[in-house]
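# Observations on chain architecture
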Amino acid sequence: MRTEALDRVRLVFTLFDADGNGVIEADDFELMAGRVVAAVPETDAAKRSTMQTAFRTFWTALADNLDANGDGKVSFEEFQAVVLDPEQFTAAIGEFAEALTAVADPDGDGLVERPAFVAVMTAIGFALPNIHALFDALEPVGTEQASVPVWAEAIKEYYSPDAAGTAGDLLVAAPVV
Ligand SMILES: [Ca+2]
Ligand SMILES: [Ca+2]
């Protein structure tokens, strides 16, 4: 496994453990979905509902594949297996990425404005300087809008164990002050 992938796994585990109790559970995904919905209040009910479903599907895929001892919780030790067999999560991650980015694009024009991008990524738990660095990497210079499909691809790539030097690594990098 690449170091970059392990760093991402560590960060993703921390983010997914939304209530910070040290394990990932169904409640964490409900909490995260609620935060994202609150971050983009202008998004319509259909997109919200699709996103909530995608978050639940993602949790189910994680639990089915990673909860080795069947206690309904995914510990960090269990979670590390995500990078050993990422293909099992490709479909769930794809659905998650599409639904999450759609919520940040309420008018559905395929572009996300910086404030909506920042609101959603902050709701997920990323650090502000890293969020802006990722937006700058995705955005055609000076437009203050990024492509929603390019963002969704960056999310999918983020989970790839062999990827290095990806835009998503900007989320792991130490915040630039
Ligand atoms: Ca938790
Ligand atoms: Ca477990």
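All figures in this text were calculated on a predicted structure; none of them were measured in a lab.

### Here we look at the UniProt feature "domain: EF-hand" (unreviewed entry) in the protein chain
Sequence positions flagged by UniProt for "domain: EF-hand" (unreviewed entry) are, in local numbering, residues 4-39 and 54-89. Secondary structure content for residues 54-89 is 47% helix and 0% strand, while the C-alpha to C-alpha distance between its ends is 12 Å.

### Some details on the nonpolar core
Core analysis: the largest hydrophobic core is formed by 43 residues, its most contacted members being Val-36, Phe-55, Val-103 and Val-120. Of all elements in the fold, only helix 1 (3-16), helix 2 (26-39), helix 3 (45-66), helix 5 (90-103), helix 6 (114-124), helix 7 (128-138) and helix 8 (148-158) reach the threshold of two or more residues within this core. Apart from residues lying up to four places away in sequence, Val-36 is in contact with Met-51, Leu-100, Val-103, Val-120, Ala-123 and Ile-124.

### What about helix 3?
Since there are 3.6 residues in each turn of an α-helix, residues three or four apart along the chain are aligned in direction. Here helix 3 contains 22 residues, and its C-alpha end-to-end distance of 31 Å stays within 8% of the 32 Å for a straight helix at 1.5 Å per residue. Of the positions making up helix 3, those classed as buried are Met-51, Ala-54, Phe-55, Phe-58, Trp-59, Leu-62 and Leu-66. Around the axis of helix 3, the buried residues are gathered within 135° of arc, so they sit on the same side. Those residues of helix 3 that are exposed and angled more than 90 degrees off the buried face are Ala-45, Ala-46, Ser-49 and Asp-64.

Criteria and thresholds
- Residues numbered from 1 in each chain as written.
- Chains lettered and ligands numbered in written order.
- Predicted model: local features only at pLDDT ≥ 70, side-chain atom pairs only at ≥ 80, totals over all residues.
- UniProt positions renumbered as here; feature names shortened; annotations may be inferred.
- Helix = DSSP H or I, 4+ residues; strand = E, 2+ residues; numbered from the N terminus.
- Core = buried A, V, L, I, M, F, W, Y, C linked by C-beta atoms within 7 Å.
- Buried ≥ 20, exposed ≤ 12 C-beta atoms within 10 Å, placed from the backbone.
- Contact = placed C-beta atoms within 7 Å.
- Expected span 1.5 Å × (residues − 1).
- Arc of directions from axis to C-beta.

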